Amino acid sequence: MAAPSPTRPRRLLPLSLGLFQGALLLFFAIFVTYDEPSARAEDANLVANQLYGIFPLFQDIQVMLVVGLGLLLTFLPLYGLSAIAHNFLLLNFSTQWALVLQGLLHHFHHGQVHLDLHNLLTAEFAAVTVLISVGAVLGRTSPCQLLVVAICEVPIYLASEWAIVTRLGVLDVGGTITIHVFSCYFGLGVSKALFGAARQPVHPKETPTPRSDLLSLVGTLILWVFWPSFVAVLCQPGDAQHRAILNTLLAMSASAVTTMVASSLLERDGKLSPGHLQNGSLAGGVAIGVVADMAVPPVAALALGSLSAVACVLGFRFLTPLLARKLALQDQCGIHNLHGLPGILGAAASAVAILVASEDTSGSRFSQVSPVGGNASEAVGGRWGDRGAGRQALCQAAGLAVAIGGSLLAGLLTGAALRLPCLARPPEQLCFDDSLYFNIQDQAESPGPGSTAEEEALALKERV
């Protein structure tokens, strides 16, 4: 039997991206348009005020996703270029894919899809789920496999978000359940199905170095600074948005301090673990999102930030090795510890906050915006709309169950699809290595192998 052409997998990525971008150009040319400007002065002023209110927060989120998250993934010393580039590619690819799907589902009127900044923002939220999920398989997957994850995950996220927010009426303004929990267990499902029951051995190239840990910690600091914008951008302007920013800052400050304490206590000689700092400092932002605009006291935000940091650090120290040993579960970036555990903790805190809230704590109106447009669910004056506090708390728990169950099942199916040979999964010898995807000009820092080994490595690169 003739061997398959070694150039075929290498041409699959540019061919796929070229076809996608060409189809997108055709779709935009035929269907997509902007809203026509209103002739009324009051309408123009309203649009301008909305733009000035949302665009600074939108820019903060751009910095988070492109720079902060990209640098956070550079803890793998020989995979920094690939981590940043693939993160950037997936962000743009997933955002465009989400714009198409959201436009057809929610913004298609009279044969046209009307595009505005809010649509782009919610499309980027869909892309965030992809960026989080692929952290579970970082370094062991090809770009073609990552694009398949994006193609599968974005529509499933949109369906899950619709079911959780629109149908169940879950309050989750910061995406704790709909984004963080969903993407975490989707990624874990992909990892389990892709790698199967075989436990992946520790790869010599995946051990961080001081330089790679430093770059990753810089990414953490950037994410930490801009995280309140991510949580508050979909809040109603005014008191709810102000409260969301304050609660997020308090929770993240507490998680940063508590991470230092927990890491020092768990590590020998009281030294700190860079991995704990890179992730635990952000855990408070994950957990607080679901209650950020609720009338919770400041001490509750501090407590939730501290508890989420402890859960994250304990997860890295004990739970991740346990899952790898018992379930052969590969979680390269520890997304279960940063997004899963704090997300579950935040969902539980939202149910408690709803149950203990008084009838008229602040007279505030808590609401969130969904891709459908307008307010997907809202609670007014402590009455939680037309449902009681107990029923709303049950809806919060049901939303968490839907996010975990639906994402796990969808992730398992997506991971099974990634096993197709045509998607060019990298061989174990070349995982976590930029030279597989980039022309590295300076190789002086690491001595090259002998001629025989070099030829073998080049042959392996040709296969992928």
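In this text the structure is predicted, and so the values were computed from the model without any measurement.

Observations regarding the sheet that holds strand β1 (residues 32–34)
Sheet strands line up and pair through hydrogen bonds in the backbone, either parallel or antiparallel.
Next up, step 1: With mixed pairing, three strands are arranged side by side in an open sheet as β1-β3-β2. The outermost strands of the open sheet, each flanked by one partner alone, are β1 and β2 (108–109).
Next up, step 2: Where β1 and strand β3 (residues 112–115) come together, three bridges link them in parallel fashion. When the bridges of β3 are listed, T33 appears paired with H114.

Considerations on unusual backbone geometry
Next up, step 1: In this structure, A328 is a non-glycine residue whose phi angle is positive, near 50 degrees.
Next up, step 2: The topology assignment puts A328 in the loop between α10 (298–327) and α11 (335–356).
Next up, step 3: In the Ramachandran plot, F432 falls in the positive-phi region, its phi being about 60 degrees despite a non-glycine side chain.
Next up, step 4: Positionally, F432 belongs in the loop between α12 (389–417) and α13 (451–463).

Some words on the environment of G289
Next up, step 1: Topologically, G289 is positioned in the loop between α9 (274–288) and α10.
Next up, step 2: According to the relative accessible area criterion, G289 is buried, its value standing at 0%.
Next up, step 3: Note: C-alpha distance between G289 and G175 (114 residues apart in sequence) is 6.1 Å.

Points about the packing of aromatic side chains
Next up, step 1: Taken as a whole and judged by the stated rule, the model has nine aromatic pairs.
Next up, step 2: The interplanar angle of 65 degrees and the centroid separation of 6.2 Å between the aromatic rings of F27 and F28 together place this pair among those described as edge-to-face.
Next up, step 3: Classification of F27 as buried rests on a relative accessible area of 13%.
Next up, step 4: Members of the aromatic cluster, joined through ring pairs, are F27, F28, F31 and F108.

Some thoughts on a nonpolar patch on the surface
Next up, step 1: A contiguous nonpolar surface patch, about 480 Å² in accessible area, is contributed by V257, M260, V261, L265 and L272.
Next up, step 2: Its place among the elements puts V261 in helix α8 (residues 239–266).
Next up, step 3: Overall, the relative accessible area of 46% leaves V261 in the partly exposed class.

Let's talk about the environment of G346
Next up, step 1: Relative to the assigned elements, G346 resides in helix α11.
Next up, step 2: In sequence terms G346 and V290 are 56 residues apart; their C-alpha atoms lie 6.3 Å from each other.
Next up, step 3: Leave out the neighbours within four places in its chain, and G346 touches T176, A287, V290 and V291.

Looking at the environment of T74
Next up, step 1: Residue position: T74 is located in the loop between α2 (41–72) and α3 (80–106).
Next up, step 2: With a relative accessible area of 5%, T74 lands in the buried category.
Next up, step 3: On a C-alpha basis, the gap between T74 and P208 in space is 8.9 Å, while along the polypeptide they are 134 residues apart.
Next up, step 4: Aside from chain neighbours lying at most four places away, what touches T74 is G80, I84, S212, L215 and S216.

Some words on the packing of helix α4 (residues 117–133) against helix α5 (residues 143–167)
Next up, step 1: Contact geometry for α4 and α5: axes closest at 9 Å, N-to-C directions at 130 degrees. Compared by their axis directions, α4 and α5 come out oblique. Crossing angle aside, the handedness with which α4 passes α5 is right-handed. Residues F125, A126, T129, V130 and S133 of α4 touch α5, and the partners they reach there are A150, E153, V154, Y157 and L158.
Next up, step 2: Taken together, the residues of the contact of α4 with α5 break down into seven nonpolar, two polar and one charged.

Points about the packing of α5 against α12
Next up, step 1: For the pair α5 and α12, the least separation of the axes is 10 Å and the interaxial angle reads 160 degrees. With respect to α12, the axis of α5 lies roughly antiparallel. Like other packed secondary-structure pairs, α5 and α12 cross with a definite hand, here right-handed. Two secondary-structure elements touch here, α5 through V149, C152, I156 and I164 and α12 through G399, V402, A403, A410 and T414.
Next up, step 2: Residue classes in the contact of α5 with α12 are distributed as seven nonpolar, two polar and no charged.

Observations concerning the pattern of salt bridges
Next up, step 1: The tally for this structure, following the rule as stated, stands at four salt bridges.
Next up, step 2: For the salt bridge of E206 with R140, the shortest nitrogen-to-oxygen distance reads 3.6 Å. One end of the pair, E206, is in the loop between α6 (176–195) and α7 (210–232); the other, R140, is in the loop between α4 and α5, with 66 residues separating them in the sequence.
Next up, step 3: What makes E206 buried here is its relative accessible area of 14%.
Next up, step 4: You can call R140 buried: its relative accessible area is 1%.
Next up, step 5: Its salt-bridge partner being E428, residue R140 comes within 2.8 Å of it at the nearest N-O pair. Residue R140 is located in the loop between α4 and α5, and its partner E428 is located in the loop between α12 and α13; the two are separated by 288 residues in the primary sequence.
Next up, step 6: A network of salt bridges, in which partner residues are shared, links R140, E206 and E428.

So, how was this worked out
- Residues numbered from 1 in each chain as written.
- Predicted model: local features only at pLDDT ≥ 70, side-chain atom pairs only at ≥ 80, totals over all residues.
- Heavy atoms only, no water.
- Pairing = 2+ DSSP bridges.
- Helix = DSSP H or I, 4+ residues; strand = E, 2+ residues; numbered from the N terminus.
- Buried < 20%, exposed > 50% of the residue type's maximum accessible area, 1.4 Å probe, protein only.
- Phe/Tyr/Trp six-rings, centres within 6.5 Å; stacked < 30°, edge-to-face > 60°.
- Patch = residues over 30% accessible without salt bridge, like charges linked within 9 Å, V, L, I, M, F, W, Y side chains within 5 Å.
- Areas by Shrake-Rupley, 256 points an atom, 1.4 Å probe, with all protein chains shown as cover.
- Salt bridge = Lys/Arg side-chain N within 4 Å of Asp/Glu carboxyl O.
- Contact = heavy atoms within 4.5 Å.
- Axes fitted to C-alpha atoms, helices over the stretch in contact; angles between N-to-C directions.
- Parallel < 35°, antiparallel > 145°, perpendicular 65-115°, else oblique.
- Left-handed = near helix turned anticlockwise from the far one by under 90°.
- Nonpolar A, V, L, I, M, F, W, Y, C, P; charged D, E, K, R; others polar.

The analysis is restricted to geometry; functional conclusions fall outside its scope.
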